[in-house]
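# Chain and residue survey
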Protein chains: 2
Amino acid sequence: MTVLQNIKLAVDAVVFGYTSKEGLSVLLIKRKVAPFEKTWALPGGLVRDHESLEEAVERELKEETGISINYLEQLYTFGQPQRDPRNRVVSVAYYGLVKPDAFEIKANTDASDAAWFNVENLPPLAFDHRDILQQAIKRLQGKIIYEPIGFELLDKRFPFSELEKLYQTVLGRPLDRRNFKKKILKFGFLEETTEKQQLEGAGRPGNLYQFNEKKYFQLKKEGINFEL
Amino acid sequence: MTVLQNIKLAVDAVVFGYTSKEGLSVLLIKRKVAPFEKTWALPGGLVRDHESLEEAVERELKEETGISINYLEQLYTFGQPQRDPRNRVVSVAYYGLVKPDAFEIKANTDASDAAWFNVENLPPLAFDHRDILQQAIKRLQGKIIYEPIGFELLDKRFPFSELEKLYQTVLGRPLDRRNFKKKILKFGFLEETTEKQQLEGAGRPGNLYQFNEKKYFQLKKEGINFEL
DNA sequence: CCAAAAGTGTTGGTAGTACACCCATGA
DNA sequence: TCATGGGTGTACTACCAACACTTTTGG
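Definitions and limits used
- Per chain, residues are indexed from 1 in the order of the written sequence.
- Chain A is the first chain written and ligand 1 is the first ligand written, with later ones labelled in order.
- In keeping with the model being predicted, local features are shown solely for residues with a pLDDT of at least 70 and side-chain atom pairs are shown and tallied solely at 80 or more, while totals for entire chains, interfaces and linings include all residues.
- To obtain the side-chain values, all non-hydrogen atoms of the structure were used and water was disregarded.
- UniProt positions are given in the numbering used here, feature names are shortened, and annotations may be inferred rather than shown by experiment.
- A least-squares superposition brings the copies together, and it is based on the C-alpha atoms of residues with pLDDT no lower than 70 in both.
- Note on definitions: a residue-residue contact is assigned when non-hydrogen atoms from the two residues lie within 4.5 Å.
- A carboxyl oxygen of Asp or Glu within 4 Å of a side-chain nitrogen of Lys or Arg is what we treat as a salt bridge.
- Under the scheme used here, helices are H or I runs from DSSP no shorter than 4 residues and strands are E runs no shorter than 2 residues, and both carry numbers assigned from the N terminus.
- Using a 1.4 Å probe on the protein chains alone, a residue whose accessible area is under 20% of its type maximum counts as buried, one over 50% counts as exposed, and one in between counts as partly exposed.
- DSSP-based pairing: two strands are paired if at least 2 bridges between them are found.
- Under this scheme, a helix contributes an axis fitted over its contacting stretch, all axes are lines through C-alpha atoms, and angles between N-to-C directions fall in the 0 to 180 degree range.
- Arc definition: directions from the helix axis to the C-beta atoms.
- Pairs of N or O atoms are called polar contacts if they sit within 3.5 Å, as long as, within protein, a hydrogen donor faces a hydrogen acceptor (for residues adjacent in sequence, only side-chain-to-side-chain pairs).

Identification of chain A as Bifunctional NMN adenylyltransferase/Nudix hydrolase from Cesiribacter andamanensis AMV16 is taken from an unreviewed UniProt entry. Recorded in UniProt for chain A, the comment headed Sequence similarities (unreviewed entry) runs: "Belongs to the Nudix hydrolase family."

### As for the relation of the copies chain A and chain B
Mapping chain A onto chain B calls for a screw motion: a turn of 180 degrees about the axis and a shift of 0.0 Å along it, with 0.0 Å RMSD after fitting. One copy is carried onto the other by what is essentially a two-fold rotation axis. The fraction of interface residues of chain A whose copies in chain B are also interface residues reaches 100%, indicating that both copies meet through the same surface.

### Some words on the pattern of salt bridges
All names here are of chain B. Going through the model one piece at a time under the given rule, you end up with 20 salt bridges over all chains. Here Glu63 ties to Arg59 by a salt bridge, and the two come within 3.2 Å at their closest N and O atoms. You can see Glu63 and its partner Arg59 sitting in helix 1 (residues 53-65), four residues apart, about one turn around the helix. Under the relative-accessibility criterion, Arg59 is labelled buried at 15%. A salt bridge links Lys143 to Glu73; its shortest N-O distance comes to 3.2 Å. One end of the pair, Lys143, is in helix 3 (residues 129-144); the other, Glu73, is in strand 5 (residues 71-78), with 70 residues separating them in the sequence.

### So, the sheet that holds strand 10 (residues 207-211) of chain A
All names here are of chain A. Read across the sheet, three strands follow the order 8-10-9 without closing on themselves; strand pairing throughout is antiparallel. In this open sheet, the two edge strands, each paired with only one partner strand, are strand 8 (157-159) and strand 9 (190-196). For this sheet the average axis-to-axis angle between neighbouring strands, irrespective of direction, equals 40 degrees. Relative to strand 10, strand 9 runs antiparallel, the two being bridged by four bridges. In the strand pairing of strand 10, Leu190 is matched with Phe211. On top of the sheet, helix 4 (residues 160-171) reaches strand 8, strand 9 and strand 10; it is set at about 80 degrees to strand 8, its chief contact.

### Here we look at helix 5 (residues 177-187) of chain B
Residues and elements named next belong to chain B. Listing the buried residues of helix 5 in full gives Phe180, Ile184 and Phe187. Angular distribution of buried residues about the axis of helix 5 spans 55 degrees; they occupy a single face of the element. In helix 5, the exposed positions angled more than 90 degrees off the buried face are occupied by Arg178, Lys182 and Lys186. On its buried face, helix 5 sits against helix 4 (160-171), strand 9 (190-196) and helix 6 (213-221). Capping the start of helix 5 is the job of one residue whose side-chain oxygen sits 3.1 Å from the backbone nitrogen of Arg178: Asp176. Gly188 lies just past helix 5 and shows a positive phi near 90 degrees.

See the structure below:
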């Protein structure tokens, strides 16, 4: 009754980056081997025997894209028998967020076969990676409205309008500027600094804000919960 | 650089049942082999080469407990290297819901090594199954307030008070009877039947209600979303 | 007639939404 | 001085929470 199992275990990562200019982007690599040679794919690969799944994701990201990530969460495990045309490969997908500096650096390193793509304008993808990506976007949209993970996509200090644009981009709908600001500030984990925004072009520069993570966790323990 | 991978892939299932008498319960099996021989554990086992993860869960549930399930959803994948003391086993955990008839039948089949336990009163569990179970309960609590999956734990027809008690049990807090009923009925996917509840003991019998799944999906498509 | 469970409506508070004008800066 | 983006307050509405008495049935 015992059957030898011949299933491989992989991890894949959907890494999101954001700038107000380029919108919401995702990190892809160009495959060098069959199957799907020269097709764009999510970074990822087989898990090693003695590493945790998170370690595997972080290792693969470093190997394939040179990037290191500051927010990582398990998304879903994809296990349809035919998702890889050769062997049975089950993949645990993660999604992660990087801050604009990491994003900008790699966006310009065009010698590599890693590149950022706007989520509205994706190339054909290998395997079932399109499904994985769709699901990651849905999860991000769902999560960003009840946990303040949006800050992981912004610089440490940012003008308030950046946060607002980020939410509008991710959620795909316009938000009222005044109501949004009231709602966010009400929670009390955003600090206004005295530093002013460097505006390119005209316009009145605004103050920069920063997310106070400690205050957030403290407030959360006291039973305050972020929502929209 | 290519390394032979020696990781086994399993599935585990957290199956919930509910009756107002016995509260929220979970289905466990007593292990017959080492490690953790004679310890209670979640039903589950290794995935076969050509079956999907969902098929594996359903097969294991049938083999080990004789139960078949009517709601099943992936929970999380547990992959810490040391979670199984012998080999590396990564487990994709699912959670499922069964209706009271299935629940009652197996609860009385005490010859088997499968049994139901109230979630407030669990035995020691094998592996990291306690963590998995905790996470499943949290997920159920989170999900039941924005998707009407509670009906999967009730008979096809049920008195309104059953639904109310279920929510109070799962969420662990009292709910106002009138407000709860207003809120639920407002959505329009619950149908009142003319049939009356069979009350054991005294009390005024109430009408039975049933969930209209078609109406629910239709309403959902039109953009109505259930919440609390 | 007593105990148990079900049925039912109103009111007050609060949080959310809609909405428009002025200010600071660079070109 | 014009164009661009930032900053700010109020009024209305709609939803939610709190709350108690009456009815039907079994014992």
